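# Geometric and topological summary
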Amino acid sequence: MVSKVRVVLASGLLACLLGACASGTGSEDQQAGQPPSPTPPSSTGDTCSDPLNDLARDPGMEAGTDGLEGIDLATASASLESDQLVVRFVTNGDIAAVSSPTFVVAQGDPFGPFSFELRASRDDTTSTWTVTLITWSQREERRPIPIEPAVAADTLSFRVPAGSLPPIANYLSFGATSKVGDKVASDDCSNLFPTTTGG
């Protein structure tokens, strides 16, 4: 899922990561007309709180569709603990009750040098969860992570080795989606643009 938050991050966060947010007159390289050298971000992660009952729905999807509380984000976080990135989502309802859920933590704009997505998705035909890492260098690359999220009622969490990820930035974006038939409901959360509603 590439949410509205991801689109705005393209012109905000990633520009800062690449040096466009530097204060003053800039470095000697910038003064000489040279492009700034990308500087890896450094952070221990991000935590976001989101208003409840703020889902975005495809036209025709009923507001009372069963189970959607399971993707209505209350809080989301991704924090470095030792050599692991610990990802945790807390929702407004039972995650087991929602149809075809996907939970996403994302950094930067797709195709950016420090950008990535981690997607935890459940296949309702097998009731199994998978976690996929998406990165971009010369092209989009998708790599399954051999872990299974822990799901208990309204909480989903998993751990990913930090060494498999780009450096972690100060701001991350979080999202969740549910597919019901051919309709999709979504929610997202970001501290960079905290008034964003739905995904």
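Notes on the structure follow.

Procedures and definitions
Residues numbered from 1 in each chain as written. Predicted model: local features only at pLDDT ≥ 70, side-chain atom pairs only at ≥ 80, totals over all residues. Heavy atoms only, no water. Helix = DSSP H or I, 4+ residues; strand = E, 2+ residues; numbered from the N terminus. Buried < 20%, exposed > 50% of the residue type's maximum accessible area, 1.4 Å probe, protein only. Areas by Shrake-Rupley, 256 points an atom, 1.4 Å probe, with all protein chains shown as cover. Contact = heavy atoms within 4.5 Å. Pairing = 2+ DSSP bridges. Phe/Tyr/Trp six-rings, centres within 6.5 Å; stacked < 30°, edge-to-face > 60°. Salt bridge = Lys/Arg side-chain N within 4 Å of Asp/Glu carboxyl O. Axes fitted to C-alpha atoms, helices over the stretch in contact; angles between N-to-C directions.

With that settled, the discussion passes to the overall build of the chain. Helices and strands together make up the secondary structure of the chain, namely three helices and twelve strands. Within the chain, the proportion of its 199 residues that are buried is 44%. Put simply, the chain shows about 9800 Å² of open surface, and 51% of that area lies on carbon and sulfur atoms.

Positionally, I134 belongs in strand β7 (residues 128-136). Residue class for I134 comes out buried when judged on its relative accessible area of 1%. Between the alpha carbons of I134 and F116 there is a distance of 5.5 Å; along the sequence they are 18 residues apart. With residues up to four places along the chain from it excluded, the contact list for I134 reads S115, F116, E117, R119, E140, E141 and R142.

With six of its eight residues buried, strand β12 (residues 183-190) lies for the most part within the structure. Pairing between strand β2 (residues 56-57) and β12: two bridges, direction antiparallel. Its bridge partner lying in β12, A56 is registered against S186. Hairpin connection, strand β11 (residues 173-180) to β12: the antiparallel pair is bridged by two residues, and G181 has positive phi, about 65°.

Taking strand neighbours across the sheet as the criterion, the seven strands line up as β2-β12-β11-β5-β6-β7-β8 in an open arrangement whose pairing is antiparallel. A strand with exactly one partner marks an edge of an open sheet, and here the two such strands are β2 and β8 (140-145). Both strand β6 (residues 116-123) and β7 contribute to a ladder of eight bridges, which runs antiparallel. Paired with R122 across the bridge in β7 is W129.

So, on to the packing of aromatic side chains. Applying the stated criterion across every chain yields a total of three aromatic pairs. Each ring, one from F89 and one from F103, has its centre 5.1 Å from the other, and the planes form 50°; the classification is tilted. Of the two residues, F89 is situated in strand β4 (residues 84-91) and F103 in strand β5 (residues 101-107); the sequence distance between them amounts to 14 residues. A residue is classified by how much of its surface remains accessible, and F89, at 0% relative accessible area, is buried. Its relative accessible area of 0% is what places F103 among the buried residues. Ring centres 6.1 Å apart and planes at 80° place the aromatic pair F89 and F174 in the edge-to-face group. Linking F89 in strand β4 with F174 in strand β11, this pair joins segments that are 85 residues apart in sequence. Accessibility classification places F89 together with F174 in one group, the buried group. Among the aromatic residues, ring-to-ring pairing joins F89, F103, W129 and F174 into one connected group.

Below, the discussion takes up the pattern of salt bridges. Scanning the entire structure with this criterion turns up four salt bridges. A salt bridge links R122 to D124; the shortest N-O distance between them is 2.8 Å. For R122, a relative accessible area of 13% corresponds to the buried category. Between E140 and R142 there is a salt bridge, with the nearest N and O atoms lying 2.8 Å from each other. For E140, a relative accessible area of 34% corresponds to the partly exposed category.

One open sheet holds the five strands; their spatial order is β1-β3-β4-β10-β9, and the pairing between them is antiparallel. Two strands close off the open sheet at either side, each with one partner strand: β1 (45-49) and β9 (150-152). The sheet shows a mean angle of 10° between the axes of neighbouring strands, direction not considered. Summarising the sheet, β1 and strand β3 (residues 73-81) pair through five bridges and their orientation is antiparallel. Bridged to D46 within β3 is A78.

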